[in-house]
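# Notes for the structure review
As a plain string of letters, each chain reads:
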Amino acid sequence: MPYPLGFSAAREIRMANPIRRIAICTGGGDAPGLNAVIRATVTAAANRGWECVGIRDGYNGILQPERYPKGGVALLTRDQVRGIAHLGGTMLGTTNKGDPFHFPVPRADGTLGETDRSGEIVDYFQREGIDALVAVGGDGSLTIANALHRKGLRVVGVPKTIDNDLDKTFTTFGFDTAVSFATECLDRLHSTAESHQRVMVVEVMGRYAGWIALHAGIAGGAHAILIPEIAFDLDQVANKIREREAEGRQYSLVVVAEGAQPHHGQRAVLAPAEIGHAERLGGIGEHVARDLALRTGKDARVVVLGHLLRGGSPTSFDRLAALRFGAAAVRALEQGLSGVMVSLGFPNVNYVNLEEVAGRMKAVPPDSDTLQTGRDLGVCFGDSAANPVLN
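The structure reproduced in this document is the subject of the present report. On a predicted model such as this, the values are computed, not experimentally measured, just so you know. Residue numbers restart at each chain and count upward from 1, following the sequence in its written direction. Given that the model is predicted, a residue must reach a pLDDT of at least 70 before its local features are reported, and side-chain atom pairs must reach 80 or more before they are shown or counted; all residues, however, enter totals for whole chains, interfaces and linings. Hydrogens are left out, water is left out, and the side-chain values use all remaining heavy atoms of the structure.

Here, a salt bridge means any Lys or Arg side-chain nitrogen found within 4 Å of an Asp or Glu carboxyl oxygen. This structure, assessed with the given rule, holds 15 salt bridges. Here Glu334 makes a salt bridge to Arg48, at a shortest N to O gap of 3.1 Å. One end of the pair, Glu334, is in helix α10 (residues 316-334); the other, Arg48, is in the loop between α1 (34-46) and β2 (51-55), and 286 residues separate them in sequence. Each residue is placed in one exposure class: buried if its accessible area under a 1.4 Å probe, protein chains only, is under 20% of its type's maximum, exposed if it is over 50%, and partly exposed if it falls in between. The exposure class of Glu334 is partly exposed, given its relative accessible area of 48%. Where Asp299 meets Arg301, a salt bridge forms, and the shortest distance between an N and an O atom there is 3.2 Å. Judged by its relative accessible area of 33%, Asp299 is partly exposed. Put simply, Arg198, Asp299 and Arg301 are held in one network by salt bridges that share partners. Only DSSP runs of H or I with at least four residues qualify as helices, and only runs of E with at least two residues qualify as strands; both kinds are numbered from the N terminus onward.

The structure is reproduced here in structure tokens:
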């Protein structure tokens, strides 16, 4: 059998046992396209005579079955997944607080500790006759999937995140939908900002990567874009606003990623990291709007798109990518592969090793064609010769 595109023969891992029953779970933040992945996985599995079950809320359906009166793991049939590909969210639910290797547990003093419950996942699969897992998620979820693979589970990962910060795939589903919505919002803000001669600061998600801010900002005609990969100086942005005023343009749009960091300062954090949960970013838009108002004397307002970027129906691009990913995950299992992630390439979906993905973040590179396009269009990124690109 020929090797799948993009997969290293030297590191190929094949499982000889036949598959009769598989499980699928969705973890981490939700993203448009999750239901499309579920539909494709269930349907492709059924076409091979396999049974498919869905795990509720990441792995919580196994680890906390008492929370689910109708069962934490449920059989998924063709009828149950028919007509769901266009729906946002995930019919299985999701969580970013259920890492089985660092599962939060209350201590006697009321604080939280953590314990490794991953063995319970492996035992459950063996006890229930589940032969493989399709794990859909972002960096954290795929790191967990890789660790479960190391413990002996047959696992195929599917990349999901609106942030597009997963390595070894051209894009993740959910990203196009988030960018499309953010772009629509920017289109609307141009007219109101111009009417009131204001500076409008639009804060978008993205964690520590600036893909959403960069793509939406350029597509939506933003005049300044602040991303985590470039340390910004608000004096540079203020100069851009003054230059526009001198040209008779009395308004400006500034897009800022939630993880953007000033050259002399820290990222804005709403809540620090805690057991089972990463730090929660947010608030940078308010800081930028306030400081720009002081520097320019203009009225500055902030719009935080936040979780609006996660909701709604997936675009046709994300819907098709998700369907392709789900079907490709089943094909990978049929070929006996394990410890791989499906990856979007051109023209085909490829397979890459989870080891090459887990724990790695894909940031906007300094030589990005999209970034250079913004500079050629005159977009300000808040940097100067004195402000280095951040790693």
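By this definition, two strands are paired if DSSP reports at least two bridges between them. Reading across from one edge, β9-β10-β8-β13 is the order of the four strands in this open sheet, with parallel pairing throughout. At either margin of the open sheet sits one strand with a lone partner, and together these are β9 (224-226) and β13 (300-304). Mean inter-strand twist for the sheet, computed between neighbouring axes without regard to direction, equals 20°. For β9 and strand β10 (residues 252-257), the ladder comprises three bridges, and the chain directions are parallel. Bridge assignment links Ala224 to a residue of β10, and that residue is Val254. Between N-to-C directions, angles span 0 to 180 degrees; the directions come from axes that are lines fitted to C-alpha atoms, helices contributing only their stretch in contact.

Bringing the nonpolar core into the picture now. By size, the foremost hydrophobic cluster in this structure holds 37 residues, and its most contacted members are Ile22, Ile24, Val158, Phe173 and Val342. Counting only elements with at least two residues in this core, the list comes to β1 (21-26), α1, β6 (132-137), β7 (155-159), α10, β14 (340-344) and β15 (349-353). The criterion used for residue contact is that any of the two residues' heavy atoms lie within 4.5 Å. Setting aside its immediate chain neighbours within four residues, Val158 contacts Val37, Val134, Ala135, Val136, Gly137, Leu142, Phe173, Phe325, Ala329, Met341 and Val342. The criterion is simple. A nonpolar core is a set of buried Ala, Val, Leu, Ile, Met, Phe, Trp, Tyr and Cys residues joined through side-chain atoms within 4.5 Å.

Let us look at the packing of aromatic side chains. Between rings of Phe, Tyr and Trp, where Trp is taken as its six-membered ring, a pair exists when centres lie within 6.5 Å; planes separated by under 30 degrees are stacked, by over 60 edge-to-face, and by other angles tilted. One pass over the full model with this rule turns up two aromatic pairs. Look at Phe170 and Phe346: their rings are 4.9 Å apart centre to centre, the planes differ by 75°, and that puts the pair in the edge-to-face class. Of this pair, Phe170 sits in the loop between β7 and α6 (175-196) while Phe346 sits in the loop between β14 and β15, placing them 176 residues apart in sequence. Residue Phe170 shares its accessibility class with Phe346, and that shared class is exposed. Ring centres of Phe173 and Phe325 lie 6.4 Å apart, and the angle between their planes is 55°; this geometry places the pair in the tilted category. Here Phe173 is found in the loop between β7 and α6, whereas its partner Phe325 is found in helix α10, with 152 residues between them in sequence. A single burial state applies to Phe173 and to Phe325, both of which are buried. For Arg244, the ring lying beneath its charged end belongs to Tyr251, and the centroid distance is 5.2 Å. Criterion for a charge above a ring: Arg CZ or Lys NZ at most 6 Å from the ring centre, at most 35 degrees from the ring normal.

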